[in-house]
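Observations on the three-dimensional arrangement
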Amino acid sequence: MTEHDQEDLAPFDPDVPGPEELARKIGQLQQEIGQLQEAVVSHAVIDQAIGVVISLGGLHPDQGFGVLRTVSQKTNIKLREVADQIVAWPAAQELSEDIRQALETALSEAGPT
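Residues numbered from 1 in each chain as written. Predicted model: local features only at pLDDT ≥ 70, side-chain atom pairs only at ≥ 80, totals over all residues. Heavy atoms only, no water.

**A few points about helix α4 (residues 79–92)**
Selection criterion: A run of H or I in DSSP becomes a helix once it reaches four residues, and a run of E becomes a strand once it reaches two; helices and strands are each numbered from the N terminus. A helix is expected to span 1.5 Å multiplied by its residue count minus one. Each residue is assigned to one of three classes by its accessible area relative to the maximum for its type, calculated with a 1.4 Å probe on protein chains only: buried under 20%, partly exposed between the two thresholds, exposed over 50%.
For α4, built from 14 residues, the straight-helix expectation of 20 Å at 1.5 Å per residue is met to within 8% by its first-to-last C-alpha distance of 19 Å. Those residues of α4 not exposed but buried are V82, A83 and I86. Remark: Q93 follows α4 within two positions and exhibits a positive phi of approximately 60°.

**Details of helix α3 (residues 61–75)**
An ideal rise of 1.5 Å per residue puts 21 Å on 15 residues; α3 measures up with 21 Å between its terminal C-alpha atoms. Turning to α3, its buried residues are G64, G66, V67, L68, V71, S72 and T75.

**With respect to the pattern of salt bridges**
Using the following cut-off: We define a salt bridge as a contact between a side-chain nitrogen of Lys or Arg and a carboxyl oxygen of Asp or Glu at a distance within 4 Å.
Taken as a whole and assessed by the stated rule, the structure comprises four salt bridges. With its nearest N and O atoms 2.4 Å apart, the salt bridge here joins R24 to E21. One end of the pair, R24, and the other, E21, are both in helix α2 (residues 19–57), three residues apart, so they sit about a helical turn from each other. One salt bridge connects E104 with R100, and the closest N-O pair in it is separated by 2.5 Å. Here E104 pairs with R100, and both are found in helix α5 (residues 97–110), just four residues apart, close to one helical turn. Exposure remark for E104: the relative accessible area of 47% places this residue in the partly exposed category. A cluster of three or more residues bridged by salt bridges with shared partners is formed by E97, R100 and E104.

**Remarks on unusual backbone geometry**
Despite not being glycine, N76 has its phi angle at roughly 60°, a positive value. Looking at the element boundaries, N76 is found in the loop between α3 and α4. For N76, a relative accessible area of 73% corresponds to the exposed category. A positive phi angle, near 60°, is found at Q93, a position not held by glycine.

Take a look at the structure:
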């Protein structure tokens, strides 16, 4: 063994994580990345739905988000699911009855800007 090889075999350093700890941390980071990716997609769909709502009602973007939130609360459907349906509505040519009714009510209450 050379002198250089002996330097590589430094005594155990308690501050350096072991393989199990590294594997656990990698798993946590992968889960966090997945959650962040899902949040980005969800945010994009909600933004698109806000665009549809403000176009329908002639509203300000803040009012559009408020309408989505109201529809979600009145129908007891998650905001992301309401947004998904509203974004798909033009292509599908139909919207579930409960969301349609709640949307009409929320738009009439919000009024144009």
